[in-house]
Amino acid sequence: NLDGNSWAEVHDNASLDIGDFSLEAWVKFEKQGDYQVFFAKDDGSSDRSYELFLHNTEDKFEANIFGGTAAFATQTINDNQWYHVVATFTDSTNAFVSYVDGAQNKSATVSASQNDTDAPVIIGAWYDKTSYLTHGQIAQPRIYNRALTAEEVQRNYDAGKNIYTND
């Protein structure tokens with residue numbers, strides 16, 4: 001549970017500096033008219049590694065991958081509703097694929113180059129831990145060192161959809 005004043009930190013180590021990756025989480029939030037960051041491995045400079053967040057004015061999920069941003073939710077995002085969000089990136093092809101609630105939402109080629117940073121991963125806020133804090137809940141945040149397949153994303157969604165219900 002994140003109240004806009006709390007966050008979690010995963011200290012940096014080499015296993016978090018990855019080329020291919022997937023960011024995955026169940027998120028439920030209250031819109032506050034600001035960005036809300038779910039994951040950020042970022043130092044605030046051009047050496048950003050990766051972020052997954054809610055855009056403040058478009059109410060869309062977005063991912064910032066090594067400095068290249070890609071919006072990926074095209075449906076309306078509602079307050080107090082659980083969403084399963086996944087962003088995958090394949091470094092060799094710059095392929096970005098996004099999923100919301102188990103379904104592929106968008107794919108694109110993102111111009112990006114990996115810039116490893118020694119920043120920690122922050123869950124529920126931006127790198128400075130005072131900006132873009134999440135108001136709501138984040139469950140099962142996961143970072144993979146590979147791009148999940150569509151079948152794996154669907155399986156993970158199916159495994160959690162009865163736990164994270166919108167009743």
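All values derive from a computational prediction rather than experimental measurement.

Cut-offs used in this document
- Residues numbered from 1 in each chain as written.
- Predicted model: local features only at pLDDT ≥ 70, side-chain atom pairs only at ≥ 80, totals over all residues.
- Heavy atoms only, no water.
- Pairing = 2+ DSSP bridges.
- Helix = DSSP H or I, 4+ residues; strand = E, 2+ residues; numbered from the N terminus.
- Phe/Tyr/Trp six-rings, centres within 6.5 Å; stacked < 30°, edge-to-face > 60°.
- Buried < 20%, exposed > 50% of the residue type's maximum accessible area, 1.4 Å probe, protein only.
- Core = buried A, V, L, I, M, F, W, Y, C linked by side-chain atoms within 4.5 Å.
- Contact = heavy atoms within 4.5 Å.

S.K.: Please clarify how the sheet that holds strand β3 (residues 21-29) should be interpreted in this entry.
M.R.: Pairing is antiparallel across the open sheet formed by 6 strands, whose spatial order is β1-β12-β3-β8-β9-β10. Of all strands in the sheet, those bounded by a partner on one side alone are β1 (2-3) and β10 (103-109). Sheet topology note: the β1/strand β12 (residues 135-144) ladder contains 2 bridges and is antiparallel. Note that in β12 the partner of L2 across the bridge is G136.

S.K.: Hey, could you run me through the packing of aromatic side chains in this one?
M.R.: Working definition: an aromatic ring pair is given by the centre-to-centre distance plus the angle between the planes. Counting across every chain of the model gives 8 aromatic pairs. On the numbers, 5.2 Å between centres and 50° between planes, the contact of W126 with Y132 is tilted. Residue Y132 is classed as partly exposed on the basis of its relative accessible area of 26%. Clustering of aromatic rings is evident, with ring pairs tying together W26, W82, Y157 and Y164.

S.K.: Quick question: what am I supposed to make of the nonpolar core here?
M.R.: Side chains of nonpolar character tend, in soluble globular proteins, to be buried together. In terms of nonpolar packing, the biggest core is built from 27 residues, with V27, F29, F38, F39, L52, F61 and Y83 touching the most fellow members. The set of elements that each furnish at least two residues to this core consists of β3, β4 (36-41), β5 (50-54), β6 (61-65), β8 (83-90), β9 (95-100) and β11 (121-123). Counting 6 residues, the second-largest nonpolar core is a separate cluster that includes V97, Y99, Y144 and V153.

S.K.: Hey, could you run me through the environment of E30 in this one?
M.R.: Counting through the fold element by element, E30 comes out in the loop between β3 and β4. Exposure remark for E30: the relative accessible area of 40% places this residue in the partly exposed category. Remark: the alpha-carbon pair of E30 and G136, spanning 106 residues in sequence, is separated by 5.8 Å. Residues in contact with E30, not counting those within four places in the same chain, are Q36, D79, N80 and H135.

S.K.: Looking at this structure, I do not really get unusual backbone geometry. What am I missing?
M.R.: Among all residues save glycine, negative phi is the norm, and among peptide bonds the norm is trans. At D101, a position not held by glycine, the phi torsion is positive, near 55°. Here D101 is to be found in the loop between β9 and β10. Although it is not a glycine, Y132 adopts a positive phi angle of roughly 55°. You can see Y132 is positioned in the loop between β11 and β12.

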